[in-house]
Amino acid sequence: MKIVILTGAGISAESGLGTFRDVDGLWTQYDLEDVATPEGFARNPALVLDFYNKRRANCLGAEPNAAHFALAELEAAHEVLIVTQNVDDLHERAGSQNLIHMHGELLGQLCAACGDRRPCAGDLTVESACPACGAAALRPDVVWFGEMPYQMDRIWDALRDTDLFVSIGTSGEVYPAAAFAQDARRFGAETLELNLEPSTGARDFIDARYGPATEIVPAWVAEMTARTPT
């Protein structure tokens, strides 16, 4: 069976990585316009780089949870593509192989001057020089509000060729990901929402299960791995 899985902040929350909506979380200490937009970076790059340095440290201190490991196991039984909105590397550390980071990667750096992209060697500052061109123009390799998510053509193609689309731990409010279930259904796929509670787009799913990701995702994967691959 071909399965496309969208994951959001809810799958990593139980690993200690906060969501936009967490009370007292890292995001609540900053204005998103200041730290998650190209305009904010242009106004105050030092603030933005410091914010992402903190997020990077938070990520490195976290560990994959049972939901991440379960999805990695699913690849042994079915043809799985994980499309994640998360910029952490917990899916990779859990063992997932077929993965798209549509919003970029927290552990990556991007040169705003020449476009060079590579793993981030450490904290970034306004003085950090690009290894490729030498410009002090490094930024996190993440997609900010107002920017186009990565690999969208590959994602849309996968959605139109999948047998099952599953959304895990997402609010259903951020586009284009919020439209994935509708698009998959239009091309005949089954749809399933696994979330702590019904998302904004819950009506777009044929089936749903609600509860903590570390409980409902492994339970669903156990059912799927018991099936004969098709």
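Read on for a plain summary of the structure. Worth saying up front: this structure is predicted, and the values here are computed from it rather than measured. (Residues numbered from 1 in each chain as written. Predicted model: local features only at pLDDT ≥ 70, side-chain atom pairs only at ≥ 80, totals over all residues. Heavy atoms only, no water.)

### Re the overall build of the protein chain
The helix and strand inventory of the protein chain stands at nine helices and nine strands. For 230 residues, the compact-globule estimate of 2.2 N^0.38 gives 17 Å, and the C-alpha radius of gyration of the protein chain, at 18 Å, lies within 12% of that figure. Principal-axis analysis of the C-alpha atoms gives the protein chain an extent of 55 × 35 × 30 Å. In the protein chain, which comprises 230 residues, the proportion classed as buried is 50%. Across the protein chain, contacts joining residues at least 24 apart in sequence account for 63% of those joining residues at least 6 apart. For the protein chain, the separation between the mean place of its 17 positive charges and that of its 34 negative charges on side chains is 4 Å. (Helix = DSSP H or I, 4+ residues; strand = E, 2+ residues; numbered from the N terminus. Rg over C-alpha atoms; globule rule 2.2 N^0.38 Å. Buried < 20%, exposed > 50% of the residue type's maximum accessible area, 1.4 Å probe, protein only. Contact = heavy atoms within 4.5 Å. Lys, Arg positive; Asp, Glu negative; His and termini not counted. Charge placed at Lys NZ, Arg CZ, Asp CG, Glu CD.)

### Points about the pairing of strand E8 (residues 190–195)
For E8, the tally of buried residues reaches five of six residues, placing the bulk of the element in the interior. The pairing of E8 with strand E9 (residues 207–210) spans four bridges and is classified as parallel. The residue bridging Leu194 from the neighbouring strand is Arg209, located in E9. (Pairing = 2+ DSSP bridges.)

### Notes on the pairing of strand E4 (residues 104–111)
Most of E4 is tucked away: six of the eight residues are buried. Pairing geometry for E4 and strand E6 (residues 138–142), over five bridges, is antiparallel. The residue of E6 that forms the bridge with Cys111 is Leu138. In the sheet, E4 pairs with strand E5 (residues 117–119) via three bridges, with the strands oriented antiparallel. For Gln109, the partnering residue across the bridge sits in E5 and is Arg118. Turn length for the E4-E5 hairpin, with the two strands adjacent in sequence and antiparallel, is five residues, and the turn residue Gly115 shows positive phi of about 85°.

### Let's talk about the side chain of Asp89
Within the secondary structure layout, Asp89 lies in the loop between strand E2 (79–84) and helix H6 (90–94). Assessed through its relative accessible area of 16%, Asp89 is described here as buried.

### Here's the deal with the packing of helix H5 (residues 66–74) against helix H9 (residues 213–225)
One can describe the packing of H5 onto H9 by two numbers: an axis separation of 8 Å at closest approach and a directional angle of 15°. Between H5 and H9, the angle is such that the two are roughly parallel. Crossing hand, H5 versus H9: left-handed. Facing Ala66, Ala67, Ala70, Leu71, Glu73 and Leu74 of H5, the residues of H9 in contact are Ala213, Thr214, Val217, Pro218, Trp220, Val221, Met224 and Thr225. (Axes fitted to C-alpha atoms, helices over the stretch in contact; angles between N-to-C directions. Parallel < 35°, antiparallel > 145°, perpendicular 65-115°, else oblique. Left-handed = near helix turned anticlockwise from the far one by under 90°.)

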